[in-house]
Amino acid sequence: MNLKRSTVSAGLAGAALAAAIALAPSTSTVSPVPVLFADSLNCNLSQYKAAQGLTAAIEQEMLVVSWSGQNGADLRARYAIDSGQPVVRDLAVKKAGGQWTTLGKNLLPEYHVVSGVRRMADDQANPLKAAGIQLTEEVITKNRWYAFWDAPLVMPGSQEMQDEAAWRRSRQVGDGGGRGQAPNADALIPNRTLGTPRTPSEIRRADAAFHSTSCAVKTDGASLIVTFPGLSMGIFAGDLQFTVYKGTNLLRMDAAAKTSEPWVAYKYDAGLKGFSTDLTPRVTWRDTGGHPQQHQFGGVVNATLARVKAQNRLIMAEADGGALAAFPPPHTFFFTREKDTNLGYVWYRKDAEGRFGIGVGFPEREEEAQYVQNFALYNAPPGTVQKMGVYFYVSPDAAGPAREAVMAFTHGDAFKPLPGYKTFVNHFHLDFTGRQRASGSLDTPFQDLAAMRSLGLNVIGLSDFHFELHGSDPGPLRLSEQKDYFEATRRASDKDFLVVPWEEPSAYFGGHYNILWPKDVYWTKVRQAGQPFVEEVAGYGKVYHTGNAEDVQKMMDAEGAYWYHAHPRTKSTTGYPDLIWEKPYMKNDRYLGVAFKPGMGQDNSDVRMCDWRCFDAIDTMNNMYAGLGVKPKYVIADIDTYRKGPEDDLYANFPVNYLKIDKTPGPDDDYTPILKSLRDGNFFATTGEILIRNYSVGGTGNQRTITADVDWTFPLSFVEVVWSDGKKVDRQVISATDSAPFSTKHFTIPFDATGKAWVRFAVWDSAGNGAFVQPVWVSPKAAQTTSSGK
């Protein structure tokens, strides 16, 4: 059905004139006030299917979208086009049995994008060169998109680079990262990327312009998508989209745009402008200390976006009878950084007296001087549709209850307790032992652990001896530090909260890896000439000395330890695990698999997190190792960041493992239940919004059934069953867009195991969040593992 109004009556034209609004300024200047006229609306509804609680209709040159929300609320957004500009003519909500409250009129979408050029990082090149791999154009092309130590907007000689140089001078840190070097300013700043030096001409900035002449409406399960073509934004072009979801008060806005330019790395700001203080007189948020804050637009007009460091990434325009929250997607909005400091991801801007805008976005630089070259931005491979998203939550309640309703989508930015499971995540470089020693006590509570405990974490794996202490010492210094490490983590543990003293030794196997012990083990990464593999040392007991991969493997076999690769296929694990697939220590049950650390190579066109770096790596290994009598390789949620505090934005950057164990081991217990759960695949990994319980692959022979109980908050996108015959990976993708929010479902999926080697299951939602279980063998020729988390 293609509905069109070809003329605007005098009365409607008068109404359009009366509703004419001021275009807000760009991020740098204040614009004059133009008058906008309503265009004739041509809207294609051929893909729209009317449904109770989710409707679209053309009324008086407006597209009226109505949907049922939470707790009996009704919501309405009316769209129009003014001189090619899509306009939200009004946005309104009412409680069950109540009156409509309008939160905004004549709201204009706005987008701003800044882009630079992606380069391959030096820390990616180093492990390849060490393995004898020549850095050909093909090799660079394969790895370039997954750079971590890249900052496309930071120029040589810029203030950011001067700040880094000053930081390094103050600590006498040179190109090699060592200490005690002469502070030669010319050699202080390391070369972090390959290729020619950056130039300012690489940076391109653009504001969105709209040349829409039509719209289209599409029903997708329990969601409805309104598309306005004609968006252009510098090197990007595409559509503006609004999506609403039956059963929620959510409205998502996206610039769905692509570029044909090569090697584009970018960031964006997005929001709505045109809010009136007559309707919403203030914006509110909580600062990083949790204190309520507000701004009532009583000051001067803002020349730029006023970025707010808001707790939980959330800002609200508050009315007397409702509130409108703006927030980014909780995880996919973030590319990985070394630190989780809150840089300010929401904004407001006063555009004129009584007019303002709100939205989300990323600043252009890191704040801490030592990390200014670690700001990689998003990838935009040519031809991919980048979804630059922002969420709005339309509430009939005041800001307090509205905030709680938004926070429910992330369980209050915490990992929800699940009976029969304990939450676990590993790989924190906190310099824990060194700081404890410097404090004068091994009992000093640190803010890092307090912040992580508040997320609902039960088990935290630390990784001292990474850059600090004496990790490569052959004995006396390292052993003394290990003893304090073991004791300090023991004292930091508590009931249902275990801190374990593990390590990222990254010695001999290839790439960076984490080693997990069932108990405290003294060892060194150095085995000097004539030194025994294992010896008794006074004050420490048994001590291992390792000098090669065989030694490390033998030590792990003796002590029941396991290991997995950190940040696969990027950073100092670039090329790994691929380069050592045939090594015997890979075809061994002591090797668990790879880390799930999304955001390195963040691409907003992807529908799955870490698809190539993580899932392709284990899928390939499980194809190779099927039938060898070893257990499958897994993807384990992992963090790999540095010092933290309660003011940091942790939840957004923390995937987590839910281990199928009954209780958290105490500080004097061994950690065998944790390791057994990991080795047996009795766990699932998640971003937090989706929980998978009681997963199993049942049945015998070729007729199998995959079952799982799944809980979620955001409306789902799809579930998938992924399998392989040992050569080719295939999948069954099952749309779940008809799912209601905040629901539970028992999935039962028949699975023909004929010729299959392994199978795994994953769930992805409409915000890009995900959860997945671990692969299991289904072939009788492979080692049998018939359930995970059962």
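Everything that follows concerns the structure shown earlier in this document.
Residues numbered from 1 in each chain as written. Predicted model: local features only at pLDDT ≥ 70, side-chain atom pairs only at ≥ 80, totals over all residues. Heavy atoms only, no water.

Peer 1: Help me understand the pattern of salt bridges, please; the structure alone is not making it clear to me.
Peer 2: Under the criterion given, the structure shown has 50 salt bridges. Where aspartate 448 meets arginine 435, a salt bridge forms, and the shortest distance between an N and an O atom there is 2.8 Å. Of this pair, aspartate 448 sits in helix α8 (residues 447–454) while arginine 435 is found in helix α7 (residues 432–439), placing the two residues 13 residues apart along the sequence. With relative accessibility at 14%, the residue arginine 435 sits in the buried group. Shared partners join several salt bridges into a network, and the residues in it are Arg118, Arg119, Asp150, Arg198 and Glu202. (Salt bridge = Lys/Arg side-chain N within 4 Å of Asp/Glu carboxyl O. Helix = DSSP H or I, 4+ residues; strand = E, 2+ residues; numbered from the N terminus. Buried < 20%, exposed > 50% of the residue type's maximum accessible area, 1.4 Å probe, protein only.)

Peer 1: So what exactly am I meant to see when it comes to the packing of aromatic side chains here?
Peer 2: Geometry of an aromatic ring pair is reported as the spacing of the ring centres plus the angle between the planes. Inspection of every chain in the model, using the stated rule, returns 62 aromatic pairs. For the pair tryptophan 517 and tryptophan 523, a centre-to-centre distance of 6.1 Å together with 55° between the ring planes defines the contact as tilted. On the basis of relative accessible area, tryptophan 517 is assigned to the buried category, the value being 3%. Classification of tryptophan 523 by relative accessible area gives buried; the value is 1%. For the ring pair phenylalanine 596 and phenylalanine 615, a centre distance of 6.2 Å and an interplane angle of 50° mean the geometry is tilted. Here the residue phenylalanine 596 occupies a position in strand β32 (residues 591–596), and phenylalanine 615 occupies one in helix α11 (residues 611–625), the gap between them amounting to 19 residues. Here phenylalanine 596 falls in the buried class, since its relative accessible area comes to 2%. (Phe/Tyr/Trp six-rings, centres within 6.5 Å; stacked < 30°, edge-to-face > 60°.)

Peer 1: How should the environment of phenylalanine 432 be read in this particular structure?
Peer 2: Its location among the elements puts phenylalanine 432 in helix α7. A relative accessible area of 1% means that phenylalanine 432 is categorised as buried. Taking the C-alpha atoms as reference, phenylalanine 432 lies 9.9 Å from aspartate 484; in sequence the two are 52 residues apart. When residues no more than four places from it in sequence are discounted, the contact partners of phenylalanine 432 are Phe446, Leu449, Leu462, Asp464, Ala488, Thr489 and Ala492. (Contact = heavy atoms within 4.5 Å.)

Peer 1: Can you walk me through helix α6 (residues 399–407) in this structure?
Peer 2: The α-helix advances 3.6 residues per turn, and as a result positions three or four apart in sequence lie on the same side. Those residues of α6 that sit buried are Ala399, Ala402, Arg403, Ala405, Val406 and Met407. Structurally, α6 contributes buried residues whose contacts are with β15 (282–286), β18 (315–319), β19 (322–327) and β23 (386–395).

Peer 1: When you look at the state of the cysteines in this model, what are you seeing that I'm missing?
Peer 2: Formally, a disulfide is one covalent bond, and it connects the sulfur atom of one cysteine to the sulfur atom of another. Summed over all chains, the structure comprises 2 disulfides. Two residues share a disulfide in this structure: cysteine 43 and cysteine 215, whose sulfurs sit 2.0 Å from each other. When the S-S torsion is -130°, as for the bridge of cysteine 43 with cysteine 215, the disulfide is left-handed. Of the two residues, cysteine 43 is situated in strand β2 (residues 42–47) and cysteine 215 in strand β10 (residues 215–220); the sequence distance between them amounts to 172 residues. Here cysteine 610 is linked by a disulfide to cysteine 614, with a sulfur-sulfur distance of 1.9 Å. Across the disulfide from cysteine 610 to cysteine 614, rotation about the S-S bond amounts to roughly 55°, and the bridge is consequently right-handed. One exposure class covers both cysteine 610 and cysteine 614, and it is buried. (Disulfide = S-S within 2.5 Å.)

Peer 1: Got a minute to help me understand the side chain of serine 463 in this structure?
Peer 2: Turning to its location among the elements, serine 463 is positioned in strand β25 (residues 459–464). Judged by its relative accessible area of 1%, serine 463 is buried. If near-sequence neighbours (up to four positions away) are discounted, serine 463 is found in contact with His427, Phe428, His429, Glu468, Tyr485, Trp502, Glu503, Glu504 and Asn514.

Peer 1: Mind showing me how you'd approach the packing of α7 against helix α9 (residues 476–492) here?
Peer 2: How two helices pack is summed up by the angle between their axes together with the distance between the axes. Contact geometry for α7 and α9: axes closest at 9 Å, N-to-C directions at 85°. One finds that α7 runs roughly perpendicular with respect to α9. Here Phe432, Thr433, Gln436 and Arg437 of α7 lie close against α9, whose contacting residues are Ser480, Glu481, Asp484, Tyr485, Ala488, Thr489 and Ala492. For the contact of α7 with α9, the per-class residue count stands at 4 nonpolar, 4 polar and 3 charged. (Axes fitted to C-alpha atoms, helices over the stretch in contact; angles between N-to-C directions. Parallel < 35°, antiparallel > 145°, perpendicular 65-115°, else oblique. Nonpolar A, V, L, I, M, F, W, Y, C, P; charged D, E, K, R; others polar.)

Peer 1: How should unusual backbone geometry be read in this particular structure?
Peer 2: The bulk of non-glycine residues show a negative phi, and the bulk of peptide bonds are trans. Here the amide bond leading from tyrosine 576 into proline 577 is cis, since omega sits at 15°, within 30 degrees of zero. Turning to its location among the elements, proline 577 is positioned in the loop between β31 (562–565) and β32. Positioned with a positive phi, aspartate 413 is a non-glycine residue whose angle comes to about 55°. Take aspartate 413: its relative accessible area is 8%, and that puts it in the buried class.

Peer 1: Would you mind going over the sheet that holds strand β30 (residues 541–545) with me for this structure?
Peer 2: For sheets, the rule is that strands pair by backbone hydrogen bonds, running either parallel or antiparallel. Pairing is mixed across the open sheet formed by 3 strands, whose spatial order is β28-β30-β29. Each edge of the open sheet is held by one strand with a lone partner, namely β28 (522–524) and β29 (534–537). For this sheet the average axis-to-axis angle between neighbouring strands, irrespective of direction, equals 30°. With 3 bridges connecting them, β28 and β30 associate as parallel partners. Each residue of the ladder has a partner; that of tyrosine 522, found in β30, is valine 543. Running over the sheet, α9 touches β28, β29 and β30 and is turned about 140° from β28. Taken strand by strand, helix α10 (residues 549–559) contacts β28 and β30, and its axis lies near 150° from that of β30. (Pairing = 2+ DSSP bridges.)

Purely spatial values, then, with no claim about function.
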